[in-house]
Structure formats: structure tokens, C-alpha cells
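A closer look at the structure
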Amino acid sequence: QGELVESGGGLVQAGGSLRLSCAASGRTFSGYSMGWFRQAPGKEREFVTAITWNGGSTNYADSVKGRFTISRDNAKNTVYLQMNSLKPEDTAVYYCAADRLGLWVRVSADAYDHWGQGTQVTVSS
């Protein structure tokens, strides 16, 4: 089945940076599109960004454009989320997910087949 494991979350001051990693184990997700979603307390899970299987296409939520960057290293079976200029409203649990249709960057959580357990990101003001 394989699993996804996120890491790199933590507490950071507003304006700071964090780099999240999502490592796959048990199988390869190199042919999958990979996405990052987040869920803040009391809110629904929302799309953050996604990348196609070869990194050729990406998509970002308007709220993170210009601040967050998604990348992947298929040789390491790992996806990254570089988060700069963090804001308190970025506080959430961040999840990575895999979409078997690797040619598209889809924004609906329903499109994703595999999910990690999440990592907490807290941005203090």
C-alpha cells in the first residue's frame, strides 16, 4: 500500500520560513501528482499546492502564491514544501497526498488516493 510521512513542521514567528518534507515508503509515488493540503482548527481541509509527476506543472492557492514553493525529488521519493514569509493565518496541520493521475494538478481532496498523517505548523504573530 505504501505510506506518506510528513516532517518539518513546528513553531515559527511571522515572517519566518519552514520547509516541509513528505517521504514515501513502501512503494514509489514517482508517477503520481503530489499535493499539499492544510486544515486549521474549525475549518475544512483546503488545497495549498500540487505538482505533476515530473515537476513540469504546479498549482498554488492564491493565498500562498509567491510565498510557498513545491518541489519533488523522485529519486528520493520525497516532496517538499518551502514556506516563506509565513503568516499567522498559515497556522494549520499540513498534509501531503498522492494523486494517481500524475499528469494533472488537481485541487479537490477527493482526487487524492493516499494521505500522510499531517504535521503541525504554527505561526506566531
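Residues numbered from 1 in each chain as written. Predicted model: local features only at pLDDT ≥ 70, side-chain atom pairs only at ≥ 80, totals over all residues. Heavy atoms only, no water.

Below, the discussion takes up empty space enclosed by the protein. For the coordinates displayed, the defined rule picks out one cavity of 30 Å³ or more. In this model, the largest cavity occupies a volume close to 60 Å³. Contributions of two or more residues to the lining of the largest cavity are made by β3 (18–25), β7 (68–73) and β8 (78–83). The element contributing the most residues to the lining of the largest cavity is β3, with three residues. Looking at side-chain class alone, the lining of the largest cavity contains seven nonpolar, three polar and two charged residues. (1 Å grid on protein atoms, 1.4 Å probe; cavity = no way out; pocket = protein on both sides within 12 Å on 5 of 7 lines; lining within 4 Å. Points joined across faces, edges and corners; volume = space filled by probe spheres on them. Helix = DSSP H or I, 4+ residues; strand = E, 2+ residues; numbered from the N terminus. Nonpolar A, V, L, I, M, F, W, Y, C, P; charged D, E, K, R; others polar.)

Here we have four strands laid out as an open sheet, ordered β1-β3-β8-β7, and antiparallel in their pairing. Two strands lie at the open edges of the sheet, namely β1 (3–7) and β7, each paired on one side alone. Neighbour-to-neighbour, the strand axes of the sheet open up by a mean angle of 15°, direction not taken into account. Here six bridges tie β3 to β8, and the two strands are oriented antiparallel to one another. (Pairing = 2+ DSSP bridges. Axes fitted to C-alpha atoms, helices over the stretch in contact; angles between N-to-C directions.)

For the rest of this paragraph, the subject is the environment of E6. Along the chain, the position of E6 falls in strand β1. Between the C-alpha atom of E6 and that of G35, which follows or precedes it by 29 residues, the distance is 12 Å. For E6, the residues in contact, after removing those within four places along its chain, are S21, C22, W36, Y94, Y95, C96, G116, Q117, G118 and T119. A distance of 2.8 Å separates a polar side-chain atom of E6 from the backbone nitrogen of C96. A distance of 2.9 Å separates the side chain of E6 from the backbone nitrogen of G118, its partner in a polar contact. (Contact = heavy atoms within 4.5 Å. Polar contact = N/O pair within 3.5 Å; in protein donor to acceptor, adjacent residues only side chain to side chain.)

The subject of this paragraph is the packing of aromatic side chains. Here the structure, examined in full by the defined rule, presents five aromatic pairs. Consider the rings of F37 and F47, whose centres lie 5.7 Å apart with planes at 75°: the pair is edge-to-face. Remark: F47 occurs in strand β5 (residues 46–51) and F37 occurs in strand β4 (residues 33–39); sequence separation between them is 10 residues. An identical accessibility class is assigned to F37 and F47; each is buried. Seen in terms of ring centroids, F37 and W115 are 5.1 Å apart; in terms of plane orientation they differ by 55°. Their pairing is tilted. Within this pair, whereas F37 is found in strand β4, its partner W115 is found in strand β10 (residues 114–115), the two being separated by 78 residues in sequence. (Phe/Tyr/Trp six-rings, centres within 6.5 Å; stacked < 30°, edge-to-face > 60°. Buried < 20%, exposed > 50% of the residue type's maximum accessible area, 1.4 Å probe, protein only.)

If a residue is not glycine, its phi is most likely negative; likewise, a peptide bond is most likely trans. Positive phi outside glycine occurs at N77, with the angle close to 55°. Its location among the elements puts N77 in the loop between β7 and β8. The class of N77 is buried, set by a relative accessible area of 18%. The phi torsion at S85 lies on the positive side, around 50°, for a residue other than glycine. Here S85 shows up in the loop between β8 and β9 (92–99).

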